[in-house]
Amino acid sequence: MTTTMSAVQALGEAAHRGAHAPTAPCDCGPPRILADRPDGTVVRSGPVVAKAHAPDTDVPGLRARLALAGSPRLAGVLLPPLAPAPRAGGTPDTPPAALHDRVVSLWPYGLPVDPADPGAAPWEEAAALLARLHRTRPPHPLPPMRGPAKAARAVARMRTARPAPDPATGAVLAAWEGLPAWARGQGPFPPHRSGFLCHGDLHLGQLVRHPAPDGPWLLIDVDDTGLGDPAWDLARPAAWYAAGLLDPGTWLRFLDTYRTEGGPAVRTHGDPWPGLDVPARALTVQTAALALAKSAAEQRDPDEVEQLMIDACARIAGLPAELAGEHTS
C-alpha cells in the first residue's frame, strides 16, 4: 500500500506527542517511514514509533495483545508499548488512538537487525526469547495466534494475482491442500497444542535492541500474537533450513538454544520434525505464495531465493500422505 503524506505526517505527529510535551522543542527531524504494508504502516519520530494497524484490525484482540506486551510477565521478552496517543480532543488515556479508519499504537524505537550483516543475526537470542514466551503462562485471555490466518491470506493473495493456472501456483496450491485444516486457518489448533503463548509471525525483522544501540534483543509486533501451537514460531527458520536457505550450523544452534531454554515446541532430544513438520510446510507455502504474488505484481519471474521456496512446495506436494508428520490428522 502507499500511505499518503498527510497520513505519514499524522503518524509522525502521534509519535512526537508520545515523546515530548506539546510545546517542548526537539531535534527529531522529519518523520521517517519504517514500513508501509497492507497490514501496517510504521513511522518514526525521534525515539518513538507510531504504527497504524490494518483497517480490519480486531480492536478488542489488539487491546489484549497490547496488554500482553506491557505485562510484567513478558518483561525482557516483548517490547512494551507506550501510552496510546489520544484521539483529537481526547485525553492521554483514551485507548486506542485512531487515524482515519486505522488504530494507532505507540512504541519506543529499537535498533533492528542489520540486513547487511547476516553473520551477526541473533538466531540464538531469538530462540531463547521464543522459549521464554512459550513457557509463560498467559496473564489474561487472548485470541488465537494468527499464523494460520496469515498463511491463508497469502494463498488468497496469490490466487488473485495469478488467476490463470500454471505449474508454480499449482504446486503451491497442492502443498496447501495437503495441510490439515487447522494449519490453513479452517479449524482449531490440536487440543494438546492450543494453549501456548505464541508470537505468530517470527522472523528476524521482529527483533530489536532496546534501548538502542546496545540494549538486549526483544520481540516486537504483537499483531499476530495469541494462543496456539508454539511450533509455528520455529517454522520459518525450519522451512528455510529445509529449503537450503539457512545453513545447518545456524539451524542447529537455533534449535539447541531453544531446547536448552526449555522451549515446549519440540522434543527435548531426538528428531524435532514430528512437531515442526506441518507448521514448516505451512510457512513454506506462505512464503512461496507471497513470492508468486509479488513477482506477478512486479511483472517479473521469481528470483533465485523465491524459486527455492516454490520448488520446496513441489517437493511437499509430491510426498506421500503418511510422511506428513504427527500433526496431519
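Please read these numbers as outputs of a predicted model, since none were measured by experiment.

## Re the pairing of strand β1 (residues 32-37)
And step 1. Relative to strand β2 (residues 40-45), β1 runs antiparallel, the two sharing five bridges. Looking across to β2, one finds that Ala35 is bridged to Val42.

## Considering a nonpolar patch on the surface
And step 1. A contiguous nonpolar patch, built from Leu245, Val305 and Leu308 and spanning about 200 Å² of accessible area, is present on the exposed surface.
And step 2. Within the secondary structure, Val305 sits in helix α9 (residues 304-317).
And step 3. Here Val305 falls in the partly exposed class, since its relative accessible area comes to 46%.

## Some details on the nonpolar core
And step 1. Counting 42 residues, the largest nonpolar core has Leu78, Leu207, Leu219, Leu234, Phe254 and Tyr258 as the members making the most contacts within it.
And step 2. Counting only elements with at least two residues in this core, the list comes to α2 (59-69), β5 (102-108), α3 (123-135), β8 (207-209), β9 (217-219), α6 (232-243), α7 (248-260) and α8 (273-297).
And step 3. Ranked by residue count, the leading element in this core is α3, at seven residues.
And step 4. Sequence-distant contacts of Leu78, that is, excluding residues within four places in its chain, are made with Leu68, Ala69, Leu218, Leu219 and Val222.
And step 5. Judged by nonpolar contacts, the second largest core, of 29 residues, contains Ala154, Phe189, Ala239 and Leu292.

## Focus on the confidence of the model for the chain
And step 1. Counting all residues, the mean pLDDT for the chain is 89, and 88% of those residues have values of 70 or more.
And step 2. Counting interchain partners and residues more than four positions distant, the pLDDT-below-50 stretch residues 324-329 has 17 contacts.

## What about the packing of α6 against α8?
And step 1. Two elements in contact, α6 and α8, have axes separated by 7 Å at closest approach and are oriented at 75°. Accordingly, the angle class assigned to the pair α6 and α8 is roughly perpendicular. Here Trp232, Leu234, Ala235, Arg236, Ala238, Ala239, Tyr241 and Ala242 of α6 lie close against α8, whose contacting residues are Trp273, Leu276, Pro279, Ala280, Ala282, Leu283, Thr284 and Gln286.
And step 2. Residues of the contact of α6 with α8, tallied by class, amount to 13 nonpolar, two polar and one charged.

## Details of the sheet that holds β9
And step 1. Strand order in the open sheet made by the three strands is β6-β8-β9, with antiparallel pairing throughout. The two strands at the open ends of the sheet, each matched to only one other strand, are β6 (111-112) and β9.
And step 2. Relative to β8, β6 is paired through two bridges, and the arrangement is antiparallel. Looking at β8, one finds that Leu111 is bridged to Arg209.

## Some remarks on the packing of aromatic side chains
And step 1. Across all of its chains, the model carries eight aromatic pairs by this definition.
And step 2. Seen in terms of ring centroids, Trp123 and Phe254 are 5.8 Å apart; in terms of plane orientation they differ by 90°. Their pairing is edge-to-face. Here Trp123, found in helix α3, pairs with Phe254, found in helix α7; they are 131 residues apart in sequence, far enough to count as distant.
And step 3. Measuring from centroid to centroid gives 5.6 Å for Trp182 and Phe189, while their planes differ by 45°, and the two rings are tilted.

## Here's the deal with α2
And step 1. When we look at burial in α2, the residues that qualify are Gly61, Leu62, Ala64, Arg65, Leu66, Leu68 and Ala69.
And step 2. Where α2 is buried, its residues meet β3 (48-53), β5 and β7 (196-198).

## Quick look at the environment of Pro230
And step 1. By the secondary structure assignment, Pro230 is in the loop between β10 (226-228) and α6.
And step 2. Relative accessible area serves as the criterion here: at 0%, Pro230 is assigned to the buried category.
And step 3. In this structure the C-alpha to C-alpha distance between Pro230 and Gly275, which are 45 residues apart in sequence, comes to 9.4 Å.
And step 4. Apart from the residues within four sequence positions on either side, Pro230 is in contact with His134, Arg193, Phe196, Cys198, Tyr258, Pro264 and Ala265.

Thresholds applied
- Residues numbered from 1 in each chain as written.
- Predicted model: local features only at pLDDT ≥ 70, side-chain atom pairs only at ≥ 80, totals over all residues.
- Heavy atoms only, no water.
- Pairing = 2+ DSSP bridges.
- Helix = DSSP H or I, 4+ residues; strand = E, 2+ residues; numbered from the N terminus.
- Patch = residues over 30% accessible without salt bridge, like charges linked within 9 Å, V, L, I, M, F, W, Y side chains within 5 Å.
- Areas by Shrake-Rupley, 256 points an atom, 1.4 Å probe, with all protein chains shown as cover.
- Salt bridge = Lys/Arg side-chain N within 4 Å of Asp/Glu carboxyl O.
- Buried < 20%, exposed > 50% of the residue type's maximum accessible area, 1.4 Å probe, protein only.
- Core = buried A, V, L, I, M, F, W, Y, C linked by side-chain atoms within 4.5 Å.
- Contact = heavy atoms within 4.5 Å.
- pLDDT = per-residue confidence, 0-100.
- Axes fitted to C-alpha atoms, helices over the stretch in contact; angles between N-to-C directions.
- Parallel < 35°, antiparallel > 145°, perpendicular 65-115°, else oblique.
- Nonpolar A, V, L, I, M, F, W, Y, C, P; charged D, E, K, R; others polar.
- Phe/Tyr/Trp six-rings, centres within 6.5 Å; stacked < 30°, edge-to-face > 60°.

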